[in-house]
Amino acid sequence: MEVNYPTCPTSFVQFIRINTKLKIEPSIIRKISSERAPVNEAMQLKTPVYGLNTGLGGNLAHELNEEDIQEFQEQLIKGRAVAVGESFSEEICRGVLLARILSAREGQSGISVEAYKYLIQFWNKGLSSTIPRIGSIGAGDLTQNAHFALGLIGLSEIWSNGRKVNSEELKSEKAYDPLKLKPKDGLALINHKGVSISLAAFALQKVKQLYIAQEIAICASIEAYQANISIFSPSINLGHEESGQAKAAAGIKKRLSGSIINERKIQDALSFRVISPIFGVFNKAIERAEILWVEDLFSSGDNPAVIDNKLISTPNFHSLALSLQLESICLSISSVASASVQRIQKLMNENLSGIPKYLSPIGGSSAGMIPVQKTAAALLSRIRHAAIPLSFDPPPVSETIEDMAPMTSEVAKKLLKQLDDFRLITAIEGMVAAQAIDLREKMKTSHSTKLFLSNLRLIVPKLSEDRPLGGDIEKTASVLDQLSQS
């Protein structure tokens, strides 16, 4: 049976979660074998080749003796395993392994056939190296990948079916034998973009899901507020395709299908009127990031790489384009979340919404839902903080040889954290909109909103008197999670 390899971040994450088995393909083995010729040739020559017969970074000028080259493969791994912190989750670590397998499969890495086969066997056994969370500056993820390589050569803890196991224990159980390195293998295992690619894949899969969840919440808010929906008409948004505005407007209009809205004003507040421009930018940022992620995964980030049958130094480890596009998502989420908080507040203002004050059905001293505005404001503050760019002006390292860095993995981690907060703001908007719709009574809502409300009310009852709402926010988020995956 042929393996359906992942082609986008979502299928990459699914591939990991399903734990699809890999095959050793004869055509790929032939390609990798042929690309070893320049490595073997370089071993016989005196010409310096970065990382093969020279040191790395600031030690570039140091030339290795032929008898030292084999030992250097393990030395360069040990000497660069300086990442710190708890290990990434097993899923992220499995993603690093998968990314290295897929990029090596495309060629140019110069990895030995034996090492490539070993990576596939390691994957098929359900193993992956533990990798500390902090250390990469995005220039090939060198230090974190060194920990990835340590697991392969039997010198660190291993993820095995949901538990962290000492490699010595696995050896005694005969669960695996450590990889024996050949020339160039050490560098091929540490100088790639696997950590950044894995983190970015999980971030992009999550943000696509939250895009749908936010769209559901937005439409519920529009219906609850009885906002003017003429702004989503195709003729108004025509000519704004490149910014994503036209597509976003079409998506909102489609989701609102079946709803009967008695528009109360000619023009609403901007948080309702400019939904399509804000949401369009958000969607465009996601789409562009996915394109760049695919480019990074299925092209070599190795340095040196085997190109035109020669080992050549490249700049392909520098994933700045993906880093900046992930930053763009962080920035666009800040705008989307800000609009969400504004809609939450307006739905609770009886003078603006025409709904009972604070969405309380009893009034008087009842706080209703207004306290959740504080939680939303706190979440928005955290989201805005995460929008501050990381990928500029990094400190130079390695005796200033490495004086530029994209910080890709750090930006991906920042985005993942930001998405946790964005998920909760989206849930608050959905919960508030649902209460507002219930207070309007006998509304003709869209199929999307009807489905959301019916699922929500199974676990979160309508607010009839003041009660703790913190737990209801997480329950609402879980409902939106489910709907956005279906």
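Residue positions are given per chain, counting from 1 as you read along its sequence in written order. The predicted origin of the model limits local features to residues at a pLDDT of at least 70 and limits the giving and counting of side-chain atom pairs to 80 or more, whereas totals for whole chains, interfaces and linings rest on all residues. Here the side-chain values reflect all heavy atoms present in the structure, with hydrogen atoms and water set aside.

Draft legend 1. Layout of the packing of helix α1 (residues 9-18) against helix α10 (residues 194-225). Between α1 and α10, the shortest axis-to-axis distance is 8 Å and the interhelical angle comes to 110 degrees. Relative to α10, the element α1 is oriented roughly perpendicular. Mapping the contact onto sequence places Pro9, Thr10, Phe12, Val13, Ile16 and Arg17 in α1 and Ser198, Ala201, Phe202, Leu204, Gln205 and Lys208 in α10. When grouped by side-chain class, the residues that make up the contact of α1 with α10 number seven nonpolar, three polar and two charged. For helices, the fitted axis covers only the stretch in contact; all axes are lines through C-alpha atoms, and the angles between them, taken along N-to-C directions, range from 0 to 180 degrees. Elements are defined by DSSP. Helices are runs of H or I of four residues or more, strands are runs of E of two residues or more, and each kind is numbered from the N terminus. Should an angle fall under 35 degrees it is taken as roughly parallel, and over 145 as roughly antiparallel, whereas 65 to 115 is taken as roughly perpendicular and any remaining angle as oblique. Whether two residues touch is decided by their heavy atoms; if any such pair falls within 4.5 Å, the residues are in contact. When residue character is reported, Ala, Val, Leu, Ile, Met, Phe, Trp, Tyr, Cys and Pro are called nonpolar, Asp, Glu, Lys and Arg charged, and the others, Gly included, polar.

Draft legend 2. Up close: the packing of aromatic side chains. Classification of ring pairs uses Phe, Tyr and Trp, with its six-membered ring standing for Trp, and accepts pairs whose centres are within 6.5 Å; under 30 degrees between planes counts as stacked, over 60 as edge-to-face, and the remaining range as tilted. Under the criterion given, the structure shown has ten aromatic pairs. Measuring from ring centre to ring centre gives 4.2 Å for Tyr211 and Phe279, while their planes differ by 15 degrees; the resulting arrangement is stacked. One end of the pair, Tyr211, is in helix α10; the other, Phe279, is in helix α14 (residues 275-297), with 68 residues separating them in the sequence. Both residues of the pair, Tyr211 and Phe279, belong to the buried class. Over the ring of Trp123 we find Arg94, and its NZ or CZ is 3.8 Å from the ring centre. Between Arg105 and the ring centre of Tyr5, over which it is positioned, the NZ or CZ distance is 4.0 Å. Burial classification: accessible surface area is computed with a 1.4 Å probe over protein chains only, and a residue below 20% of its type maximum counts as buried, one above 50% as exposed, and the rest as partly exposed. For a ring to carry a charge above it, either NZ of a lysine or CZ of an arginine must fall within 6 Å of the ring centroid while also lying within 35 degrees of the normal to the ring plane.

Draft legend 3. Examining the sheet that holds strand β5 (residues 163-166) more closely. The strand order across the open sheet formed by three strands is β2-β4-β5, and the pairing between neighbours is antiparallel. What marks the edges here is a single partner per strand, and that holds for β2 (127-129) and β5. Within this sheet the neighbouring strands show an average axis-to-axis angle of 35 degrees, counted without direction. Should DSSP find at least two bridges between two strands, the strands are regarded as paired. Looking at chain direction, β2 and strand β4 (residues 157-160) are connected through three bridges and run antiparallel. When the sheet's bridge partners are listed, Ser128 is paired in β4 with Trp159. On top of the sheet, helix α5 (residues 90-106) reaches β2 and β4; it is set at about 90 degrees to β2, its chief contact.

Draft legend 4. Structural context of the pairing of β5. Across four bridges, β4 lies against β5 in antiparallel orientation. Looking at the pairing, Trp159 lines up with Lys164 of β5.

Draft legend 5. Examining the pattern of salt bridges more closely. Each reported salt bridge corresponds to a side-chain nitrogen of Lys or Arg within 4 Å of a carboxyl oxygen of Asp or Glu. In total, this model carries 22 salt bridges according to the counting rule given. A salt bridge links Glu25 to Arg105, with the nearest nitrogen and oxygen atoms 2.8 Å apart. Of this pair, Glu25 sits in the loop between α1 and α2 (26-34) while Arg105 sits in helix α5, and the two are 80 residues apart along the sequence. On the basis of relative accessibility, which here comes to 16%, the residue Arg105 falls in the buried class. Asp302 is the partner of Arg100 in a salt bridge, and the nearest nitrogen-oxygen pair spans 2.9 Å. Taken as a pair, Arg100 in helix α5 and Asp302 in the loop between α14 and β6 (305-307) lie far apart in primary sequence, 202 residues in all. For Arg100, a relative accessible area of 1% gives the class buried. Each member of the salt-bridge network shares a partner with another, and the members are Arg423, Glu474 and Asp481.

Draft legend 6. Representation of α2 within the structure. Looking only at α2, the buried set comprises Ile28, Ile29 and Ile32. Buried residues of α2, seen end-on, are gathered within an arc of 100 degrees and therefore sit on one face of the element. In this structure, α2 carries Pro26 and Arg30 as exposed residues pointing more than 90 degrees from its buried face. On its buried side, α2 packs onto α5 and α6 (113-124). What the arc measures is the spread of directions leading from the helix axis to the C-beta atoms.

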